[in-house]
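Coordinate inspection notes
Read off the chains here:
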Amino acid sequence: MAAAFPDLPSLRRLADENPLTALLRLRQRFAEPEELVRHGGRISEVASAGYRVRGMSAQSRLGDIVEHRRRGVVRRGEIVRITDQEVAVVPFKPSPDAGIGDAVLNCGPLVLAPSDDWRGRSIDALGEPIDGRPAPASGSVHPDSVPVTPPALSRERVGTGFVTGVRVIDIFTPICFGQRLGIFAGSGVGKSTLLAMLAAASAFDTVVVGLIGERGREVREFLEDTLGGSMAKTVAVVATSDESPMMRKRAPETAMRVAEHFRDQGHRVLVILDSITRYAHALREVATAAGEAPVARGYPASVFTEMPKLLERAGPGAVGAGSITAIISVLVDGDDHNDPVADSVRGILDGHIVLDRSIAEQGRYPPVNPLASISRLAPKAWTDDQRILVGRLKAMIARFEDTRDIRLIGGYQPGVDIELDNAVRQVPALYEALMQTPRDAPSVDPFGDLARFLKNKERPVVPAAA
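This report concerns the structure included in the present document. (Residues numbered from 1 in each chain as written. Predicted model: local features only at pLDDT ≥ 70, side-chain atom pairs only at ≥ 80, totals over all residues. Heavy atoms only, no water.)

Next up on the list: the nonpolar core. With 54 residues, the main nonpolar core has Ile-169, Phe-172, Ile-183, Leu-194, Ile-327 and Leu-355 as its most contacted residues. Element by element, the count of residues in this core is highest for helix 14 (residues 418-434), at seven residues. Beyond its immediate stretch of four places on either side in the chain, Leu-194 contacts Val-166, Ile-169, Ile-183, Leu-355, Pro-366 and Val-368. Counting 50 residues, the second largest nonpolar core, distinct from the first, contains Phe-92, Ala-251, Ala-255 and Leu-310. (Core = buried A, V, L, I, M, F, W, Y, C linked by side-chain atoms within 4.5 Å. Buried < 20%, exposed > 50% of the residue type's maximum accessible area, 1.4 Å probe, protein only. Helix = DSSP H or I, 4+ residues; strand = E, 2+ residues; numbered from the N terminus. Contact = heavy atoms within 4.5 Å.)

Pasting the structure below:
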């Protein structure tokens, strides 16, 4: 099946009057002869997750965008499976009126062309504006399928830390430009709140926020209240929980493509993806619709192939270019930190921050567990004195937590163990010093703030009773 471009009647009239002019106009409009024709087919099967099309297998490629036309309405989808007889398509938006025999046209790969005008805007997974303003200007055109990850040996080395303004992170798990860090937590523990605090970091030229599978109610609050003044340098890519799995799959890929545009201009870019787990869920739904078999707790093998491809696109750029610092939230299903998605992502990233539900229940926010959290690039951000201090603080916290049950049953006697006495005296004050909310001002000197707070909280050890 083939569809000609819509101006054919007018072109025929022009050809009758002036054939040479008609030929020149045709050449200007279409750079390649293939663009005169769109290959297509007709729907042969319809399911809740997508549909199948016969007659276009030979001209189709995985990832190509197709248009389904019915009653004057055009809906787009993506090809996810190709056989010799038919292709499987998952639509970007539900197509409840898709019917057997409907025409479907192949439009080729999705093309995204970010530009500087995209900053301060909110777009969907396809790059279309959702903020009610005119579409932003497009930049240079790059097919979404073209690899843009710098080769491993041509990348800059990571070595410069920055201050996020969140004390517990800047002290225990400092972050460097170009690092990829995960925030692991169950539902309702405070991931989005912590991400909002990190998004306000002033160390970056551009911020790209990918909201994948988020509640629609929270999107406007996040953009207007949380980002606030930072929105001018932010690009928000939104795919809410009620959108199709294909839109949720495309959203983080679009966010990363936007980040790569600004990285190539030399910007220090911060990418925040909330959450990679919902991206994995979308990958699972798309793969299942394509006929893949599950291999690990319902996840097909392609899920664990696609996630590294996305995450490896973040990091330092080529020598002389900028960097993409990625902060990824991981929704831990059932508070199981060893579920397949969490375990796979943890092995790819350069560190992880664990949010503990028991800490949140005590009212300590952000509920970061400093003993379970680690930044693999922390030694590049700490000075020697800070590294020694953090080691001692962790040892003191571990001693305090390990003896919690003994102290609760009255087995602790002050004056018997000096190290435990110090932990009992200092750790509660340390926990209090690390508490911080989005309403608090960012900390520009976290170690200095901690030292001043602990000094003001010093109290003598009560000696054991004679």
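Next comes the rest of the description.
In this section: the packing of aromatic side chains. For the coordinates displayed, the defined rule picks out five aromatic pairs. Ring centres of Phe-162 and Phe-204 lie 4.9 Å apart, and the angle between their planes is 80°; on these two criteria the pair is classed as edge-to-face. You can see Phe-162 sitting in strand 11 (residues 161-162) and its partner Phe-204 sitting in the loop between helix 4 (191-199) and strand 14 (206-214), a full 42 residues away along the chain. By the burial criterion, Phe-162 is buried, and Phe-204 matches it. Plain terms: the ring middles of Phe-400 and Tyr-431 are 6.2 Å apart, the flat faces sit at 80° to each other, and that makes the pair edge-to-face. On the criterion of sequence distance, the pair formed by Phe-400 in helix 12 (residues 384-402) and Tyr-431 in helix 14 is long-range, its members being 31 residues apart. Owing to a relative accessible area of 7%, Phe-400 belongs among the buried residues under this scheme. A residue is classified by how much of its surface remains accessible, and Tyr-431, at 10% relative accessible area, is buried. Through successive ring pairs, a cluster of aromatic residues spans Phe-162, Phe-177 and Phe-204. Above the plane of the ring of Phe-177 lies Arg-268, whose end atom (NZ or CZ) is 3.9 Å from the centre. We note Arg-364 situated over the ring of Tyr-431; from NZ or CZ to the ring centre the distance is 3.6 Å. (Phe/Tyr/Trp six-rings, centres within 6.5 Å; stacked < 30°, edge-to-face > 60°. Lys NZ or Arg CZ within 6 Å of the ring centre and 35° of its normal.)

Quick look at helix 5 (residues 216-227) now. With 12 residues, helix 5 ought to run about 16 Å at 1.5 Å a step, and its terminal C-alpha atoms sit 16 Å apart, in line with that. Along helix 5, the residues that are buried comprise Val-219, Phe-222, Leu-223 and Leu-227. One face of helix 5 carries all of its buried residues, which in axial projection span an arc of 85°. Every exposed residue of helix 5 that faces more than 90 degrees away from the buried side is listed here: Arg-217, Arg-220 and Asp-225. (Expected span 1.5 Å × (residues − 1). Arc of directions from axis to C-beta.)

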